[in-house]
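The residues making up each chain are set out below.
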Amino acid sequence: MKVLIVEDDIKLAQALGRILEESDYTVDMVHDGTTGRDWAVVGNYDAIILDVMMPGMDGYEVVREIRHANIDTPVLMLTARGSVSDKIAGLDHGADDYMTKPFSPAELMAHLRALMRRQGSVIFETVDAGDVSLKLDSHELVRNGKTIHLSKTEFALAKMLMSNKERILPKEMIIEKIWGIESNAADNNVEAYVSFLRKKLRYLESNARIETIRKVGYKLAE
């Protein structure tokens with residue numbers, strides 16, 4: 001199981017990471033809301049542990065944008081504020097569960113196990129961008145009834161771009177999330193698969209286009 005921890009208190013984040021790793025979870029951790037949002041929408045996580053009060057973007061904004069991007073990963077929000085109104089705000093923004101600091105390791109793991117059991121209760125069947133849809137079950141791009149199948153890597157890249165439309169994705173992030181940190185993939189691998197996707201969008205005559213941001217990366221424009 002893979003968990004993303006978004007917590008600006010580095011010592012607390014590291015402590016949470018150790019607790020999870022001792023239970024054989026794989027952990028990524030970041031320390032501000034904006035980076036947490038970016039990793040959440042492009043990563044493949046089984047759960048997200050999300051602090052509320054953070055620099056860049058607070059936890060409420062992060063979970064709202066995650067859900068807006070059709071990411072259904074279970075989110076456990078953490079906060080030092082335990083009022084009913086705060087809990088309601090977190091749940092209304094799209095969180096699945098809420099814990100008030102401080103808490104015990106056993107309590108954290110119990111909440112995570114409960115989230116895992118509920119995972120998949122919200123299912124998004126497509127991701128849309130402009131006039132084209134990506135079918136998540138069949139790995140197909142669809143426009144006005146016209147369909148084309150994507151390879152595994154094409155699908156991963158299309159999902160990443162379409163879930164983050166109008167946002168610039170650096171090549172380094174694309175390589176890390178699609179091929180993995182330890183892979184030998186390089187910029188030319190990204191360029192090749194962007195070319196494949198562009199051809200398929202042209203085949204569908206879609207108004208969605210992949211723009212190159214020179215010396216940075218790519219974005220999907222509608």
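Going by the structure above, here's the rest.
Just so you know, these numbers come straight off a predicted model, no measurement behind them.

Parameters at a glance
- Residues numbered from 1 in each chain as written.
- Predicted model: local features only at pLDDT ≥ 70, side-chain atom pairs only at ≥ 80, totals over all residues.
- Heavy atoms only, no water.
- Buried < 20%, exposed > 50% of the residue type's maximum accessible area, 1.4 Å probe, protein only.
- Helix = DSSP H or I, 4+ residues; strand = E, 2+ residues; numbered from the N terminus.
- Pairing = 2+ DSSP bridges.
- Right-handed = clockwise from strand over helix to strand, strands pointing away.
- Contact = heavy atoms within 4.5 Å.
- Axes fitted to C-alpha atoms, helices over the stretch in contact; angles between N-to-C directions.

Novice: Break down the pairing of strand β4 (residues 75-79) for me, citing the residues and quoting the values.
Specialist: Counting buried positions along β4 gives five out of five residues, so the element sits mostly inside the fold. With burial as the criterion, each face of β4 is covered, one bearing V75, M77 and T79 and the other bearing L76 and L78. When strand β3 (residues 47-51) meets β4, the two strands line up parallel, connected through four bridges. The partner of L50 across the bridge, within β4, is M77. Read as a crossover between parallel neighbours, the route from β3 over helix α3 (residues 59-68) to β4 is right-handed. Bridge count between β4 and strand β5 (residues 97-100): four bridges; the pairing is parallel. Pairing of M77 across the sheet is with Y98, part of β5.

Novice: Report on the sheet that holds strand β11 (residues 209-213), specifying residues and quantitative values.
Specialist: Taken in spatial order, the three strands line up as β10-β12-β11 in an open sheet, and their pairing is antiparallel. Whereas interior strands pair on both sides, the edge strands pair on one side only; in this sheet they are β10 (169-170) and β11. Where β11 and strand β12 (residues 217-221) come together, five bridges link them in antiparallel fashion. Paired with I210 across the bridge in β12 is L220. Each of β10, β11 and β12 is contacted by helix α6 (residues 152-163), which is oriented at about 70° to β12, the strand it contacts most. The strands touched by helix α8 (residues 187-203) are β11 and β12; relative to β11, the strand with the most contacts, the crossing angle is about 150°.

Novice: Provide a residue-level description of unusual backbone geometry, including the pertinent values.
Specialist: Cis geometry is found at the peptide bond from K101 to P102, where omega equals -5°. Inspection of the secondary structure puts P102 in the loop between β5 and α5 (105-118). Unusually for a residue other than glycine, N144 sits at a positive phi of about 50°. For N144, the location among the structural elements is in the loop between β8 (140-143) and β9 (146-149). N144 sits in the exposed class, given a relative accessible area of 68%. The phi torsion at K215 lies on the positive side, around 65°, for a residue other than glycine.

Novice: Let's hear about the pairing of strand β7 (residues 132-135): which residues, and what values?
Specialist: Burial of the side chains of β7 is restricted to one face: V132 and L134 are buried, whereas none of S133 and K135 on the reverse face is. Bridge analysis of strand β6 (residues 126-129) against β7 gives four bridges, and the strand direction is antiparallel. Along β7, the bridge assignment pairs A129 with V132. Between β6 and β7, which pair antiparallel one after the other, the connecting turn spans two residues, and G130 there sits at a positive phi close to 60°. In this sheet, β8 lies alongside β7 in antiparallel orientation, the contact comprising three bridges. Following the sheet pairing, L134 is matched in β8 by L141. Between β7 and β8, which pair antiparallel in sequence order, lie four residues; one of them, H139, sits at a positive phi of approximately 60°.

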